[in-house]
Each structure stands twice: as C-alpha cells, then as structure tokens.
Amino acid sequence: MVGAANSQVLKPVKWQISFKKVSEGVYDIICKATIESGWHLYDTKLPENGPLPTTFNMDEDETKDIELVGEFKATTEPKTEKSEAFNMELKYFEGTVTFVQRVKLKGDKAKLVGYVEYMSCSGGQCIPPAEEEFEFELTK
C-alpha cells in the first residue's frame, strides 16, 4: 500500500500530447496536462531563481524540417500566488490545462520528436523536473 501512495506522489501530472492539422503544412501540437488535486503545474514564464517553467522542446537533429511558429502557451490564464517553497509570486495551473505550440513543416513531411519539461509542487513540496516525450510523423 505504501508503494501505491509513493507512485502517486511521483507523477502528479498526466499528459496527453496530440496534434491537429491547421492548414497545409501547419500543425498545432496540443499538450493537455491533468494535475492531481492539491498540486500545481507551473506556467511557461516564471521569474529567475524559481522553479522550472513548463517548456516545449524539440530534438533539433530529428526535427530539422520543422519550424516553431509563435510561443508554447496555455489556452487558459494561470493563477498567481506567493509560493512558500520559492518565496516569490508564481503563475501556475490546477486541475487541467492545455498548452499549444504551432509548428510549420519546411518540406512535404517531417518527424517531430521532442518533450515537454515541467515541474510541479504541492505546498512546500516539489518533485524534481520531469519530461513527457512525444513523437509524430507530420505530412503536408
């Protein structure tokens, strides 16, 4: 029973990563996070010396035929509160949040390989930064 409780603490954020074709050669990469009750997932922009922001990262060797369009951003507004753990104002999400990154193919097809890096905290307790990997074959 102790093992089950520990595994929940280690993975308080579950990700569903998919893509949607917007137009010819243009896709939205949709990263939906479901956050366990009592936990926070941090926003994409945070002050220096704080927790790790949520970031969208591509493997540049694998994805040289893809260009990022705009920024990786949430579709909802984050909450803001003074963090006990970091002693600063931080933006975060609770429950569920969807982040979107638009990408554009440079050719007729490409493989998109990458990961979302994120950090989550509950009160004064944080788990180390974690990654959720993804890989998609995209065509014009």
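Residues numbered from 1 in each chain as written. Predicted model: local features only at pLDDT ≥ 70, side-chain atom pairs only at ≥ 80, totals over all residues. Heavy atoms only, no water.

Take the state of the cysteines next. The full count for this structure, using the stated rule, is one disulfide. Considering cysteine sulfurs only, Cys121 is the nearest to Cys31, which forms no disulfide, with 20 Å between them. Residue classification places Cys31 among the buried residues on the basis of a relative accessible area of 0%. (Disulfide = S-S within 2.5 Å. Buried < 20%, exposed > 50% of the residue type's maximum accessible area, 1.4 Å probe, protein only.)

This part is about the layout of surface pockets. Put simply, the largest pocket is a space of about 160 Å³. As for the largest pocket, its lining consists of 13 residues, of which Asp43, Thr44, Lys73, Ala74 and Pro78 are closest to the centre. (1 Å grid on protein atoms, 1.4 Å probe; cavity = no way out; pocket = protein on both sides within 12 Å on 5 of 7 lines; lining within 4 Å. Points joined across faces, edges and corners; volume = space filled by probe spheres on them.)

Quick look at the UniProt feature "domain: Thiol:disulfide interchange protein DsbD N-terminal" (unreviewed entry) in the protein chain now. Sites flagged by UniProt as "domain: Thiol:disulfide interchange protein DsbD N-terminal" (unreviewed entry) map to residues 23–136. Here residues 23–136 is 0% helix and 61% strand, with 17 Å between the C-alpha atoms at its ends. (UniProt positions renumbered as here; feature names shortened; annotations may be inferred. Helix = DSSP H or I, 4+ residues; strand = E, 2+ residues; numbered from the N terminus.)

The full count for this structure, using the stated rule, is nine aromatic pairs. Ring centres 5.3 Å apart and planes at 55° place the aromatic pair Trp15 and Tyr118 in the tilted group. With Trp15 in strand S1 (residues 13–23) and Tyr118 in strand S9 (residues 109–118), the pair connects residues that are 103 residues apart, well separated along the chain. The structure contains a cluster of three or more aromatic residues connected by ring pairs, namely Trp15, Phe19, Tyr27, Phe56, Phe72, Phe93, Phe99, Tyr118, Phe134 and Phe136. (Phe/Tyr/Trp six-rings, centres within 6.5 Å; stacked < 30°, edge-to-face > 60°.)

Attention now moves to the sheet that holds strand S4 (residues 55–58). In sheet architecture, strand pairing relies on hydrogen bonds along the backbone and comes in two forms, parallel and antiparallel. The strand order across the open sheet formed by three strands is S4-S9-S12, and the pairing between neighbours is antiparallel. The sheet terminates laterally at S4 and strand S12 (130–139), the two strands that pair on one side only. Averaged over all pairs of adjacent strands, the angle between strand axes in this sheet comes to 25°, irrespective of strand direction. Two strands pair when backbone bridges link them, and S4 and S9 are joined in this way by four bridges, in the antiparallel orientation. (Pairing = 2+ DSSP bridges. Axes fitted to C-alpha atoms, helices over the stretch in contact; angles between N-to-C directions.)

With respect to the helices and strands, the residue Asn57 is situated in strand S4. Of note is the side chain of Asn57, whose polar atom sits 3.1 Å from the side chain of Thr55. Excluding residues within four positions of it along the chain, Asn57 makes contact with Val113, Gly114, Tyr115, Glu117 and Phe134. (Polar contact = N/O pair within 3.5 Å; in protein donor to acceptor, adjacent residues only side chain to side chain. Contact = heavy atoms within 4.5 Å.)

What follows is about the confidence of the model for the protein chain. Low pLDDT marks stretches whose predicted atomic positions should not be read closely. With 93% of its residues at a pLDDT of 70 or more, the protein chain has an overall mean of 90. Note on residues 1–9: pLDDT under 50 across the span, and four contacts to partners over four residues away in sequence or across chains. (pLDDT = per-residue confidence, 0-100.)

Judged by nonpolar contacts, the single largest core of 27 residues is most densely connected at Trp15, Cys31, Leu41 and Phe99. Listing elements by their share of this core, those giving two or more residues are S1, strand S2 (26–35), strand S5 (66–74), strand S8 (96–105), S9 and S12. Examining the composition of this core, we find that five residues originate from one element, S2, more than from any other. Residues contacting Leu41, with those up to four places away along its chain left out, are Val13, Trp15, Ala33, Ile35, Thr54, Tyr92, Phe93, Val97, Phe99, Tyr118 and Met119. Grouped together as the second largest cluster of nonpolar side chains are seven residues, Tyr42, Leu46, Met119 and Cys121 included. (Core = buried A, V, L, I, M, F, W, Y, C linked by side-chain atoms within 4.5 Å.)

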